[in-house]
Amino acid sequence: FRSMALVNQNGLWYMRFQSGGLKVHRSTGLKATVKNRREADARESRERKRLALSGLQKAQPRGFREAADEFLKWVKRYRAANTYTGYKSQLRAPQKFFAKRSIAAIRPGDLEAFKIWHASPTAVRGNLVVMSALFCYAKRNGWCAANPVRGLQPQRTADKPQLSPRVLRSEEHTSELQSL
């Protein structure tokens, strides 16, 4: 086990430690007092032993869709409601495209194929931003080794001519009005 700790958080003793891909951050249910410190240490010790004996590791999502669902649960809990709604919308197309793929098996070439499959370059940019956040979350949780979105060249939309606003001269103004 790595980084074992008992911390006072909001007046309660919390246990924090990490083993492999499993991050434990749970309340002991005890008020953070000197008197309760020994019992909190005992509860933390029992929890560590229970996990060591059971050999539990954080369940690895088997597919992209499952990882995306876990990510969206996290976003819903820790981010603003609008962020959750936007991320959920932006992950619909990638979930269809990568439905049968493992999140650990997705490579930059697969993302290039996704960009070709998806018709709108503007929508693809939004999808890739959210997918990058998803892969960062997956990497933190040990579900994949790297973020394949990093280093990917953004898809460019066709350059549109930029019109600069200008004031019409009086003869141009008159001719414009007569043409209407």
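In the block above lies the structure referred to throughout.
In this text, all values refer to a predicted model and were calculated from it rather than measured experimentally.

Definitions and cut-offs
Residues numbered from 1 in each chain as written. Predicted model: local features only at pLDDT ≥ 70, side-chain atom pairs only at ≥ 80, totals over all residues. Heavy atoms only, no water. Helix = DSSP H or I, 4+ residues; strand = E, 2+ residues; numbered from the N terminus. Buried < 20%, exposed > 50% of the residue type's maximum accessible area, 1.4 Å probe, protein only. Contact = heavy atoms within 4.5 Å. Areas by Shrake-Rupley, 256 points an atom, 1.4 Å probe, with all protein chains shown as cover. Salt bridge = Lys/Arg side-chain N within 4 Å of Asp/Glu carboxyl O. Phe/Tyr/Trp six-rings, centres within 6.5 Å; stacked < 30°, edge-to-face > 60°. Lys NZ or Arg CZ within 6 Å of the ring centre and 35° of its normal. Expected span 1.5 Å × (residues − 1). Arc of directions from axis to C-beta.

K.L.:
An account of the overall build of the chain is requested, with residue identities and associated values reported.
P.N.:
Assigned secondary structure in the chain consists of 7 helices and 3 strands. For the chain, the α and β elements follow one another from N to C terminus as β-β-β-α-α-α-α-α-α-α. The buried share of the chain, taken over its 180 residues, is 30%. Here the analysis covers contacts within the chain between residues at least 6 apart in sequence; of these, 51% occur between residues at least 24 apart. Summed over its atoms, the accessible surface of the chain is roughly 12,300 Å², and 52% of this surface lies on carbon and sulfur atoms.

K.L.:
For the pattern of salt bridges, give the residues involved together with the corresponding values.
P.N.:
With the rule as written, the count across this model stands at 7 salt bridges. A salt bridge links Arg26 to Glu47, with the nearest nitrogen and oxygen atoms 2.1 Å apart. Within this pair, whereas Arg26 is found in strand β3 (residues 22-31), its partner Glu47 is found in helix α1 (residues 34-54), the two being separated by 21 residues in sequence. You can call Arg26 partly exposed: its relative accessible area is 37%. The closest approach of N and O atoms between Lys73 and Glu70, which form a salt bridge, is 3.5 Å. Highlighted residues: Lys73 and Glu70, both in helix α2 (residues 64-78), separated by 3 residues, approximately one helical turn. Given the relative accessible area of 55%, Lys73 is considered exposed. Here the residues in one salt-bridge network are Glu39, Arg43 and Arg46, joined through shared partners.

K.L.:
Could you give an account of the environment of Lys88, with specific residues and numbers?
P.N.:
Within the element layout of this structure, Lys88 appears in helix α3 (residues 81-90). Taking C-alpha positions, Lys88 is 9.1 Å from Val130, a pair spaced 42 residues apart along the chain.

K.L.:
An account of the packing of aromatic side chains is requested, with residue identities and associated values reported.
P.N.:
This structure, assessed with the given rule, holds 13 aromatic pairs. On the numbers, 5.9 Å between centres and 35° between planes, the contact of Phe114 with Trp117 is tilted. You can see Phe114 and its partner Trp117 sitting in helix α5 (residues 108-117), 3 residues apart, about one turn around the helix. A network of ring pairs unites the aromatic residues Phe64, Phe97, Phe98, Phe114, Trp117 and Phe135 as a single cluster. The ring centre of Trp13 lies 4.9 Å from the NZ or CZ of Arg37, which sits over that ring. If you follow Arg140 out to its NZ or CZ, it ends over the ring of Trp74, 5.7 Å from the centre.

K.L.:
Residue-level account of α2, with values.
P.N.:
End to end, α2 covers 21 Å across 15 residues, agreeing with the expected 21 Å (1.5 Å per residue, within 8%). Three or more residues of α2 are buried, namely Phe64, Ala67, Ala68, Phe71, Leu72 and Val75. For α2, the angular spread of the buried residues around the axis is 140°, confining them to a single face. Among the exposed residues of α2, those pointing more than 90 degrees away from its buried face are Lys73, Lys76 and Arg77. As for α2, its buried residues are in contact with α3, α4 (92-97) and α6 (121-140).

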